[in-house]
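Given next are the chains, with one letter for each unit.
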Amino acid sequence: HTAYVNGTYLPEAEAKVSIFDRGFLMADGVYEVTSVLDGKLVDFDGHIARLERSLAALDIVKPVTKDELLQIHRELVARNGIDEGLVYLQITRGGAPGDRDFAFPDPGTTPPTLVLFTQSKPGLADNPAAQTGIRIISIDDIRWGRRDIKTVQLLYPSMGKMMAKSAGADDAWMVEDGYVTEGTSNNAYIVQGNQIITRPPSSEILSGITRTAVLRFAEEAQMEVAERKFTLEEAKAADEAFVTSATTFVMPVVQIDDVALGAGTPGPVAQRLRKIYIEESLKTAI
Ligand code: PLP
């Protein structure tokens, strides 16, 4: 497969960056994951808008234009024959040979690093996990306070995923002051009666691109949405729960810690939203 590194397309095994890259040394970089359905990019504009916000928050200069980014995404999708899957994009602050300093280098001397690759994921839309739903555990949210920036600083979410695995679950929800913040790599929702409840965007969570789209589709379908924090206790007593992300779309949650939700099977609201999300996303994918 072909990857992209700083202006060059090359075989994945030959795609390399410097050991002095601050992405490697300091997790000084940001990323985006855009899903591909039917060979087309889902919500590309949303992902690039968030990328620009992440870069601006860290004072990293965007190395190429949005049009060029679209062209690179499409080129990789075409070269790698991706029908269903994802495009991963990362931009780091770069780094000069021999340098390792906490202070940022002068942007004039160290250009940012731009890297993209694809992953083929047949069955993304027809995901069998959506039929059974996923089981989650709760863990403390001990991440830093700027979770709205999509940085590559992913060690704790990665550890959370491992804690879930060793507990025989699929994923973890993080909890701060009794309230659920989000999943390791997704936004969290509960359903009480007909109401969909999810935490409002703030520096405490990543504002999901899928989240924004799902809430819009829910409102268009006259479903009731409340953007507010919810506790872990409320979640365990909820009728349904689900998560959203670019690669899982809408994924029903059927168990939280030791508590099965509702009938222990995917709930009707989550299933309906998943269907709407996939149908609508396909219509606007580019
Ligand atoms: N929250 C976190 C911590 C994430 O890592 C992600 C995605 O990776 C999301 C939420 C969902 O964001 P999106 O819908 O843009 O994929």
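Keep in mind the model is a prediction, meaning the values are calculated, not measured. (Residues numbered from 1 in each chain as written. Predicted model: local features only at pLDDT ≥ 70, side-chain atom pairs only at ≥ 80, totals over all residues.)

Notes on the overall build of the protein chain
Put simply, the rule is: The way it works is that DSSP assigns letters per residue, a run of H or I at least four long becomes a helix, a run of E at least two long becomes a strand, and they are numbered from the N terminus. Every radius of gyration here is taken over C-alpha atoms, with the globule rule written as 2.2 Å times N^0.38, N being the number of residues. Put plainly, a residue is buried at 20 or more neighbouring C-beta atoms within 10 Å of its own, exposed at 12 or fewer, and partly exposed in between, counting only other residues' C-beta atoms, which are placed from the backbone. Note that contacts rest on C-beta atoms placed from the backbone: two residues are in contact if these are within 7 Å.
Helices and strands together make up the secondary structure of the protein chain, namely eight helices and 15 strands. What you see for the protein chain is a C-alpha radius of gyration of 19 Å, in line with the 19 Å of a compact globule of 286 residues. The proportion of buried residues among the 286 residues of the protein chain is 41%. Across the protein chain, the fraction of contacts at a sequence separation of at least 24, relative to all contacts at a separation of at least 6, is 72%.

Overview of the site of the ligand
Inclusion rule: We call a residue near a molecule or strand when its C-beta atom, built from the backbone, sits within 6 Å of it. Each residue receives one of three labels: charged for Asp, Glu, Lys and Arg, nonpolar for Ala, Val, Leu, Ile, Met, Phe, Trp, Tyr, Cys and Pro, and polar for the others, Gly being one of them.
In the vicinity of the ligand there are 13 residues, among which Leu-206, Gly-208, Ile-209, Thr-210 and Ala-246 approach most closely. Listing elements by their share of the shell around the ligand, those giving two or more residues are helix H6 (209-220) and strand E13 (240-245). When residues in the shell around the ligand are grouped by element, the largest group, three residues, is from H6. Across the shell around the ligand, the residue classes tally to four nonpolar, seven polar and two charged.

What about the environment of Asp-141?
Mapped onto the elements of the fold, Asp-141 is located in the loop between strand E7 (134-140) and helix H5 (155-166). Sequence separation between Asp-141 and Tyr-179 is 38 residues, and the spatial gap between their C-alpha atoms is 9.7 Å. For Asp-141, the contacting residues outside a window of four places in its chain are Met-174, Val-175, Glu-176 and Thr-181.

Digging into the sheet that holds strand E4 (residues 40-41)
This is how it is decided: For two strands to count as paired, DSSP must find a minimum of two bridges between them. As a rule, the C-alpha atoms of each element are fitted with a line to give its axis, helices using only the stretch in contact, and angles between N-to-C directions run from 0 to 180 degrees.
One open sheet holds the six strands; their spatial order is E2-E1-E6-E5-E3-E4, and the pairing between them is antiparallel. Of all the strands in the sheet, just strand E2 (8-11) and E4 have a single pairing partner and so form its edges. Two elements, strand E3 (residues 29-37) and strand E5 (residues 85-92), share eight bridges in a ladder whose sense is antiparallel. Looking at the pairing, Tyr-31 lines up with Gln-90 of E5. Strands in contact with helix H2 (residues 44-58) are E3, E4 and E5; relative to E3, the strand with the most contacts, it is inclined by about 175°.

Notes on the domain arrangement of the protein chain
Interface extent is often summarised as the accessible area lost during association of the parts. The test is simple: What counts as a domain boundary in this text is fixed by an automatic or database domain assignment.
Each assigned domain of the protein chain is listed here: domain 1 (2-120) and domain 2 (129-284). When each unit is reduced to the centre of its C-alpha atoms, the spacing between domain 1 and domain 2 is 26 Å. On the side of domain 2, 12 residues touch domain 1, which itself brings 21 residues to the contact. Secondary-structure elements contributing two or more residues to the side of domain 1 that touches domain 2 are E3, H2 and E5. Looking at the side of domain 1 that touches domain 2 element by element, the count peaks at eight residues for E3. Taken together, the residues that form the side of domain 1 that touches domain 2 break down as nine nonpolar, eight polar and four charged.

Some details on the pairing of E13
Along E13, six of the six residues are buried, which leaves the element largely enclosed by surrounding structure. Taking every second residue as pointing to the same face, both faces of E13 are buried, with Glu-240, Phe-242 and Thr-244 on one and Ala-241, Val-243 and Ser-245 on the other. Pairing analysis gives five bridges linking strand E10 (residues 187-192) to E13, with the strands arranged antiparallel. Across the sheet, the residue bridging to Tyr-189 is Phe-242, located in E13.

A look at the nonpolar core
Heads up, the rule is: As used here, a nonpolar core is made of buried Ala, Val, Leu, Ile, Met, Phe, Trp, Tyr and Cys residues. They are joined through C-beta atoms within 7 Å.
Ranked by internal contacts, the top residues of the largest apolar core, which has 38 residues, are Ile-136, Ile-190, Ala-241, Phe-242, Val-250 and Val-253. If one sorts the elements of this core by residue count, strand E14 (residues 249-256) sits on top with six residues. What Val-250 contacts, discounting residues up to four positions off in sequence, is Val-214, Phe-242, Thr-244, Ala-270, Leu-273, Arg-274 and Tyr-277. In terms of nonpolar packing, the next biggest core, distinct from the first, is built from 22 residues, Val-30, Phe-44, Ile-48 and Leu-69 among them.

Topic: helix H3 (residues 66-79)
The line we're drawing: By definition here, a helix of n residues has an expected span of 1.5 Å times n minus one. To be clear, the arc concerns the directions from the helix axis to the C-beta atoms.
Helix length check: H3, at 14 residues, gives a terminal C-alpha distance of 20 Å against a target of 20 Å (1.5 Å per residue), a fit within 8%. Along H3, the residues classified as buried are Leu-69, His-73, Leu-76 and Val-77. For H3, the angular spread of the buried residues around the axis is 100°, confining them to a single face. Opposite the packed face of H3, turned more than 90 degrees from it, sit the exposed residues Asp-67, Gln-71 and Ala-78. Against strand E1 (2-5), E3, E4, H2, E5 and strand E6 (113-120) lie the buried residues of H3. Remark: Gly-81 follows H3 within two positions and exhibits a positive phi of approximately 60°.

Let's talk about the pairing of strand E11 (residues 195-198)
Applied cut-off: Look down the strands so they point away from you; if the path from the first strand over the helix to the second goes clockwise, the crossover is right-handed.
Relative to E11, E10 is paired through four bridges, and the arrangement is antiparallel. Paired with Gln-192 across the bridge in E11 is Gln-195. A loop of two residues connects E10 with E11, the two strands running antiparallel in sequence, and Gly-193 in this loop sits at a positive phi of about 60°. Following the backbone out of E11, through H6 and into the adjacent parallel strand E12 (residues 224-227), one traces a crossover that is right-handed.

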